[in-house]
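What the coordinates show
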Amino acid sequence: MNRLFTKDTQAIFWNNNKTAIQRMLDYDYVIKRETPSVAAIVAPTSSNKFEKFFWGGDEIMVPVYRSTKEAKEAQPQADVLLNFGSFRTAYNVTMDALDIGGFKTIMITAEGIPERLARKMNTRARELGVTIIGPATVGAISPGAFKIANIGGTIENIINSKLHRAGSCGLVTRSGGLFNELSNIIAINADGIAEGVAIGGDRFVGSVFIDHLLRMEKNPDVKYMILLGEVGGAEEYKIIEAVKSGKITKPIIAWCIGTIAKHYSSGVQFGHAGASANAERETAEAKNNAMREAGIYVPATFNDLPAEINAVYTKLKAEGVIQDIPEPEINKLPAYRRARQFICTISDDRGEEATYAGFPISSVALPSTGKTIGDVVSLLWFKKVYPRWAVDFIETVIKTVADHGPAVSGAHNAKVTARAGKSVVESLVTGLLTIGPRFGGAIDGAAKYFKYANDNEMSPSEFLKYMKKQGIPIPGIGHRIKSLKNPDLRVKGLMDFAAENFPATPLLDYARTVEALTTSKKENLILNVDGTIGILMVDMWRALGYSEEEIDEFIASGTLNAFFILGRTIGFIGHVLDEKRLAMPMYRTPWDDILYDVQKAEEI
Ligand code: ACO
Ligand code: LMR
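Sequence order as written defines the numbering, with residues in each chain counted from 1. Each chain takes a letter, starting from A, and each ligand takes a number, starting from 1, following the order in which they are written. Given that the model is predicted, a residue must reach a pLDDT of at least 70 before its local features are reported, and side-chain atom pairs must reach 80 or more before they are shown or counted; all residues, however, enter totals for whole chains, interfaces and linings. Based on all heavy atoms of the structure, the side-chain values leave hydrogens and waters out of the count.

1. Comments concerning the side chain of Lys 482
Only DSSP runs of H or I covering at least 4 residues are called helices, and only runs of E covering at least 2 are called strands; the numbering of each starts at the N terminus. Structurally, Lys 482 can be placed in the loop between α17 (460-470) and α18 (489-501). A 1.4 Å probe rolled over the protein chains alone gives each residue an accessible area, and that area as a share of the maximum for its type sets the label: buried under 20%, exposed over 50%, partly exposed in between. Under the convention used here, Asp and Glu are negative, Lys and Arg are positive, and both His and the chain ends fall outside the count. Here a salt bridge means any side-chain nitrogen of Lys or Arg lying within 4 Å of a carboxyl oxygen belonging to Asp or Glu. For Lys 482, which is buried and forms no salt bridge, the nearest opposite charge comes from Asp 488, at a distance of 5.4 Å. Here Asn 486 takes part through its side chain, which lies 3.4 Å from a polar atom of the side chain of Lys 482. Think of a polar contact as two N or O atoms within 3.5 Å of one another; within protein, one of them needs to be a possible hydrogen donor and the other a possible acceptor, and neighboring residues in sequence only count if both atoms come from side chains.

In structure tokens, the structure reads:
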């Protein structure tokens, strides 16, 4: 807690402010951080899952979430919130983050948050021990570790102002512009800063000068402090108190801006909302005098500040308090960089041997590896190494649905196409295009609706009623030829496998109660092979520790039907090759297989 930020600090950035985020990541790259300082972006109206940014000449993806809660759950290590909401939303965003918890620092950039709300927000944060920086600020920086958004300006300016590595000064200002100016002055007249905060220009800011100076007093990197105050407010007197009582022992150099105010007959309001004196002791001159009397280094004029800094620095150096700072090696940003058009997260063909999710092909392909098609699917579809039972289940599904004879819709179409002289691939895709909600493609639907019913604790009859209202047959229920009397042994095989190998099958258990009801109405309304696969895949994923959102995403993206598509491809190719081998002539449906009911069109 003695340091505001470290090289491991990560932030959640509220608002997709791409330029500011890129500046942070450029800074990270230059100072050789290992992790990006922005762990997540919150963009309530975005449907993006990530945003691409440059990392040096390369690119990285920063995840995007709809809410602070989601972002915090996904990135619990990120303990800084950079609240870039507008003055209309910033209050709610902060209060929400305080409720969520786990944030050490919240920085608020918006200017003009209603003062009543700002005070409420600041009080709440103080109660919870959260440091608020702002409102109306450019933020803070721990050079060489972490920098908020635009503070310090461009990378060139940052390096010129020695903000790329820790120096010895602790700097606190109100204004962001003057913060940058002073960083530069400190770089020229001393060795840079160890930690710097611009607390913000609004009348009611969260953390005040004393909060930061007390922390810097305990921060071993800080050897002396510079305070740039302003006309208005009495915060500087707290520092005088702390110096007098011995709470602050490190040297402080201070200056209060706004001494010019005395030359105006009426009260002057400077740029910031807080920069106006309401009493004699709030004037810059009074505060400068009081600080000087307390033993704080206060120059005669602002113009003397650089010399004062240099004098204190030189003295501390002579005393051995400040040592020489070795210049660290830094990365250079490439002059030219190009955004990639495509992203691939599953395989890589650039090395000596291509990999499937990081595994060289030979390590999964060769029989000696003991790996199967199920392993390859788990790597390429899910980017995970699944346990044996799950891999075996995937493999069992693929083998189980590989074919179901020539009469089924898809095989029929593939055969007809092959007989029309089309190629293997053309005939195959014709078969594949037949897969849909009635034939082979009810797996996602089954997973979706059974999961929904079970999650909502619907009884089987409530579920049936619900589906009737939806106006669709229950996906995964019913078969043209299979029934209670003529059971589908594929279904039995899958269920037996699950009973033996799955840790638990809660959704299947529920689906069986639904099946009991549907088969009591009509005996072919069994849980069919599509339904069984969909439901067991959900049980499998739950047992593997996937979240409900991840499972819902698998379902929504069509992952489950893909198992049927993959398996049945084997069968369709078999049927197409069969046609070619047999050199079958073109198929024409016989007239007597068609009911012709064609009326002569009426003229209108
Ligand atoms: N849910 C509720 N009622 C159903 C369902 C169902 N899934 N399936 C059929 N019924 C009812 C129908 O409403 C109809 O009722 P009615 O006689 O009161 O009018 C009756 O059963 C017969 O309907 P058909 O559509 O003629 O049933 P058929 O047995 O021919 O259909 C089919 C089989 C297409 C699979 C059907 O059951 C269905 O659409 N099921 C859902 C989709 C599905 O799971 N498909 C995958 C099948 S397995 C595979 O392809 C690998
Ligand atoms: C299949 O696997 O193709 C079948 O269950 C569909 C059918 O009509 O037999």
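2. Remarks on the sheet that holds strand β6 (residues 105-108)
Strand order in the open sheet formed by 7 strands is β3-β4-β2-β1-β5-β6-β7, with mixed pairing between adjacent strands. Each edge of the open sheet is held by one strand with a lone partner, namely β3 (50-55) and β7 (131-133). Between one strand axis and the next, the sheet turns by 25 degrees as a mean value, whatever way the strands run. At least two DSSP bridges between two strands are needed for those strands to be called paired. Across 4 bridges, strand β1 (residues 11-14) lies against strand β2 (residues 38-42) in parallel orientation. The residue bridging Ile 12 from the neighbouring strand is Ala 40, located in β2. Note on contacts: a residue pair is in contact if any heavy atoms of the two residues lie within 4.5 Å. Helix axes are fitted to C-alpha atoms over the stretch in contact, other axes to C-alpha atoms as well, and angles between N-to-C directions run from 0 to 180 degrees. Packing of helix α1 (residues 18-30) onto the sheet brings it into contact with β1, β2, β3, β4 (58-65) and β5 (80-83), and relative to β3 it is tilted by some 40 degrees.

3. Quick notes on the pattern of salt bridges
Across all of its chains, the model carries 33 salt bridges by this definition. Between Arg 337 and Asp 26 there is a salt bridge whose closest N-O contact spans 3.0 Å. Residue Arg 337 is found in the loop between α10 (305-318) and β14 (347-348), and its partner Asp 26 is found in helix α1; the two are separated by 311 residues along the sequence. One salt bridge in this structure joins Lys 32 and Glu 329, with 3.5 Å as the shortest N-O distance. In this pair, Lys 32 is assigned in the loop between α1 and β2 and Glu 329 in the loop between α10 and β14, connecting sequence segments 297 residues apart. Since its relative accessible area comes to 36%, Lys 32 is described here as partly exposed. Here the salt bridges do not stand alone but share partners, grouping Lys 451, Asp 455, Arg 542, Glu 548 and Asp 552 into one network.

4. Quick word on a nonpolar patch on the surface
Patch membership requires more than 30% relative accessible area and the absence of a salt bridge. Residues of like charge join within 9 Å; the nonpolar side chains Val, Leu, Ile, Met, Phe, Trp and Tyr join within 5 Å. All accessibility values rest on the Shrake-Rupley procedure with a 1.4 Å probe; residue burial counts only the protein chains present in the view. A cluster of nonpolar side chains, Trp 591, Ile 594, Tyr 596 and Val 598, forms an exposed patch at the surface whose accessible area comes to about 510 Å². Within the fold, Ile 594 resides in the segment after α22 (559-582). By relative accessible area, Ile 594 is classed as partly exposed at 36%.

5. Some details on the domain arrangement of the protein chain
The split into domains, and so the bounds of each, comes from an automatic or database assignment of domains. Domain annotation of the protein chain identifies domain 1 (6-135), domain 2 (136-326) and domain 3 (409-429 + 434-582). Computed over C-alpha atoms, the centres of domain 1 and domain 3 are 43 Å apart.

6. Let's talk about the site of ligand 1
Surrounding ligand 1, one finds 20 residues, the nearest of these being Arg 438, Gly 476, Ile 477, Arg 480 and Asn 528. Side-chain polar atom of Arg 480 to an oxygen atom of ligand 1: 2.6 Å apart, as the coordinates give it. For ligand 1, the protein covers 63% of the area, taking 910 Å² as the surface of the free molecule. A single heavy atom is enough: if one lies within 4 Å of a molecule or strand, its residue is considered near that molecule or strand.

7. Overview of the site of ligand 2
As a structural note, the neighbourhood of ligand 2 is formed by His 404, Val 408, Phe 439, His 479, Arg 490 and Arg 568. A distance of 2.9 Å separates an oxygen atom of ligand 2 from a polar side-chain atom of His 404. The separation between an oxygen atom of ligand 2 and a polar side-chain atom of Arg 568 is 2.7 Å. Each residue receives one of three labels: charged for Asp, Glu, Lys and Arg, nonpolar for Ala, Val, Leu, Ile, Met, Phe, Trp, Tyr, Cys and Pro, and polar for the others, Gly being one of them. Here the residues of the shell around ligand 2 sort into 2 nonpolar, 2 polar and 2 charged.

8. Notes on helix α19 (residues 506-521)
Multiplying one less than the number of residues by 1.5 Å gives the expected span of a helix. A rise of 1.5 Å per residue sets the reference length of α19, with its 16 residues, at 22 Å; its end C-alpha atoms lie 24 Å apart and thus fit the reference within 8%. All buried positions along α19 are accounted for by Leu 507, Leu 508, Tyr 510, Ala 511, Val 514, Glu 515, Thr 518 and Thr 519. Buried-residue contacts for α19 involve α16 (443-455), α17, α18 and α20 (529-543).

9. Description of the pairing of strand β10 (residues 169-173)
Of all 5 residues in β10, 5 are buried; the element is thus mostly enclosed. Along β10, one buried face is formed by Cys 169, Leu 171 and Thr 173 and the opposite face, lined by Gly 170 and Val 172, is buried too. Pairing analysis gives 5 bridges linking β10 to strand β11 (residues 193-198), with the strands arranged parallel. For Leu 171, the partnering residue across the bridge sits in β11 and is Gly 196. The β-α-β motif built from β10, the intervening helix α6 (residues 176-189) and the parallel element β11 has right-handed crossover chirality. By the bridge criterion, 5 bridges tie β10 to strand β12 (residues 224-230) in an arrangement that is parallel. Bridge pairing links Thr 173 to Leu 228 in β12. We call a crossover right-handed when, viewed with both strands directed away from the observer, the connection leading from the first strand over the helix to the second proceeds clockwise.

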